[in-house]
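Descriptive analysis of the structure
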Amino acid sequence: MSNLETQYRIEKEPYYREVNGEVGLFEAAYAARLPMMVKGPTGCGKSRFIEYMAWRLKRPLVSVACNEDMTASDLVGRFLLDKDGTKWQDGPLTTAARIGAICYLDEVVEARQDTTVVIHPLTDHRRNLPLDKKGELIHAHADFQLVISYNPGYQSAMKDLKQSTKQRFGALDFSYPDRETEIEIVAHESGVSADVAGKLVSIAERSRNLKGHGLDEGLSTRMLIYAGSLMEKGVDVLAACSMALVRPMTDDPDMRDALDAAVGTFF
């Protein structure tokens, strides 16, 4: 195993609770080396799922947090100057293709469309990556797989994937877990009791009913874990909920009052 493979290996099993048969479906997709797209609201477990699958499949995982300033060179690589002259530095996509890793492009719609086009040759029968600046054609390792994620709730005409990109991927839809599973996840990850986790989930359920009525998104499972973690560190319950749940969600006074009221109802 190369040093790069070792660097990107996930040695410890990530905690993940299967919700709707997604583990078996992803394993089948990987066996076919089908590029995959995972879609769902922020903080619902998409990234944790990919980490878990990389560990389960015993493959290195190269993750990229996409943003609007990301260029094709940020993904593919570029020439750099050092004291010895000019040398080529592989980008994360090229690294993953060389070592047979799972390459995870998180929130891919945040990247410019002219940047995401570089993934096209890796997502069809060619499975290659042209390095135009270097004059090299990378043939992806047999174990390489490309995975992208995004939140459909934030997509717009200006920030959506082209059909020519979407149709290259299989897709899995993610949402927040059912109540009992979410309680178990929050309790396990934060350390709070099941009773406290249940109250946090109840607050989240109230907030999710406000989606489209003043909130763009409801409280995520991740945020509930943050609140529980603060409580476990001795922070007052109401202060923890305010800091981890209410204040990050909105600056609108009426929405804050509504969320504060939900916290007061259960705590």
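Summarised in this report is the structure supplied together with it. (Residues numbered from 1 in each chain as written. Predicted model: local features only at pLDDT ≥ 70, side-chain atom pairs only at ≥ 80, totals over all residues. Heavy atoms only, no water.)

**So, the overall build of the protein chain**
Keep this limit in mind: The secondary structure listing takes helices from DSSP runs of H or I that are at least 4 residues long and strands from runs of E that are at least 2 residues long, numbered from the N terminus. A simple rule labels every residue: compare its accessible area, found with a 1.4 Å probe on the protein chains alone, to the largest value its type can have, and call it buried under 20%, exposed over 50%, or partly exposed in between. By definition in these notes, contact holds between two residues if any of their heavy atoms fall within 4.5 Å. Throughout, the Shrake-Rupley method with a 1.4 Å probe supplies accessible areas, and for residues the shown protein chains are the sole cover considered. A residue counts as positive if it is Lys or Arg and as negative if it is Asp or Glu; His and the chain ends are not included. Charge placement uses NZ in Lys and CZ in Arg. For Asp and Glu, CG and CD serve respectively.
Assigned secondary structure in the protein chain consists of 12 helices and 9 strands. For the protein chain, the C-alpha atoms occupy an extent of roughly 65 × 40 × 35 Å along the three principal directions. Considering the protein chain as a whole, with its 267 residues, one finds that 46% of them fall into the buried category. Residue pairs at least 24 apart in sequence account for 71% of intrachain contacts in the protein chain once pairs closer than 6 positions are excluded. About 13,200 Å² of surface is accessible on the protein chain, with carbon and sulfur atoms providing 50% of the total. Side-chain charges in the protein chain split into 32 positive and 39 negative, and the spacing between the mean points of these groups amounts to 5 Å.

**Regarding the environment of Glu-27**
Going by this rule: Think of a polar contact as two N or O atoms within 3.5 Å of one another; within protein, one of them needs to be a possible hydrogen donor and the other a possible acceptor, and neighboring residues in sequence only count if both atoms come from side chains.
Among the secondary structure elements, Glu-27 is positioned in helix H2 (residues 22-31). On the basis of relative accessible area, Glu-27 is assigned to the partly exposed category, the value being 29%. Taking the C-alpha atoms as reference points, Glu-27 and Val-237, 210 residues apart in sequence, are found 41 Å from one another. Beyond its immediate chain neighbours, meaning those up to four positions away, Glu-27 contacts Met-53, Arg-56 and Leu-57. Here Arg-56 takes part through its side chain, which lies 2.5 Å from a polar atom of the side chain of Glu-27.

**Quick word on the packing of aromatic side chains**
Both the distance between ring centres and the angle between the ring planes are used here to describe each pair of aromatic rings. Quick reminder of the rule: What counts as a ring pair is set by centres within 6.5 Å for rings of Phe, Tyr and Trp (its six-membered ring), and what kind of pair is set by the plane angle: stacked under 30 degrees, edge-to-face over 60, tilted for all other angles. Throughout this description, the term charge over a ring refers to an Arg CZ or Lys NZ atom that lies within 6 Å of the ring centre and within 35 degrees of the ring normal.
Summed over the entire model, instances satisfying the criterion amount to 6 aromatic pairs. Linked through ring pairs, Tyr-16, Phe-26, Phe-49, Tyr-52, Trp-55 and Phe-174 together constitute an aromatic cluster. Cation over ring: Arg-208 sits above Tyr-176, and NZ or CZ is 3.8 Å from the ring centre.

**Structural notes on helix H8 (residues 179-190)**
Our working rule: The span you would expect from a helix comes to 1.5 Å times its residue count less one.
With 12 residues, H8 should cover 16 Å at 1.5 Å per step; its first-to-last C-alpha distance of 16 Å lies within 8% of that length. For H8, the set of buried residues is Thr-181, Glu-182, Ile-183, Ile-185, Val-186, Ala-187 and Ser-190. On its buried side, H8 packs onto helix H9 (194-208) and helix H10 (221-232). Of the residues flanking the start of H8, the one acting as N-cap is Asp-178, its side-chain oxygen 3.2 Å from the backbone nitrogen of Glu-180. Gly-191 sits one or two residues past H8 and shows a positive phi near 95°.

**What to know about the packing of helix H11 (residues 237-249) against helix H12 (residues 253-266)**
Let me state the cut-off plainly: Every axis corresponds to a line fitted to the C-alpha atoms, with the helix fit spanning only the stretch in contact, and the corresponding angles, defined between N-to-C directions, vary from 0 to 180 degrees. For a crossing to be left-handed, the near helix must be turned anticlockwise from the far one by less than a right angle; the clockwise case is right-handed. Throughout, the ten residues Ala, Val, Leu, Ile, Met, Phe, Trp, Tyr, Cys and Pro are labelled nonpolar, Asp, Glu, Lys and Arg are labelled charged, and all others, Gly among them, are labelled polar.
Where H11 contacts H12, the axes come no closer than 10 Å and their chain directions differ by 145°. Judged by the sense of rotation from one axis to the other, the crossing of H11 with H12 is right-handed. Only Arg-256, Leu-259, Asp-260 and Val-263 of H12 make contact with H11, whose side of the interface consists of Leu-238, Cys-241, Val-246, Arg-247 and Met-249. Looking at the contact of H11 with H12, its residues break down into 6 nonpolar, no polar and 3 charged.

**Here we look at the packing of H8 against H9**
Two packed helices can be described by the angle between their axes and the distance between those axes. Note the cut-off: Orientation labels follow simple angle bins: below 35 degrees gives roughly parallel, above 145 gives roughly antiparallel, 65 to 115 gives roughly perpendicular, and whatever is left gives oblique.
Relative to each other, H8 and H9 sit at 125°, their axes nearing to 8 Å. Our classification of the angle between H8 and H9 gives oblique. In this structure, the crossing between H8 and H9 has a hand that is right-handed. Taking contact as the criterion, the partners of Arg-179, Glu-182, Ile-183, Val-186 and Ala-187 in H8 are, on H9, Ala-194, Ala-197, Gly-198, Leu-200, Val-201, Ser-202, Glu-205 and Arg-208. The residue inventory of the contact of H8 with H9, partitioned by class, reads 7 nonpolar, 2 polar and 4 charged.

**Re the pattern of salt bridges**
Should their charged atoms come close, side chains of opposite charge can pair. For clarity, the threshold we go by: We define a salt bridge as a side-chain nitrogen of Lys or Arg found within 4 Å of a carboxyl oxygen belonging to Asp or Glu.
Here the structure, examined in full by the defined rule, presents 21 salt bridges. For Lys-134, the salt bridge goes to Glu-136, with nearest N and O atoms at 2.9 Å. The partly exposed category is assigned to Lys-134, whose relative accessible area is 35%. In this structure, Glu-182 and Arg-208 form a salt bridge, with 2.8 Å as the shortest nitrogen-oxygen distance. With a gap of 26 residues between them, Glu-182 in helix H8 and Arg-208 in helix H9 connect regions that are remote in the sequence. Residues Glu-182 and Arg-208 agree in their burial class; the two are buried. One connected set of salt bridges, linked through shared partners, spans Asp-90, Arg-98, Lys-134 and Glu-136.

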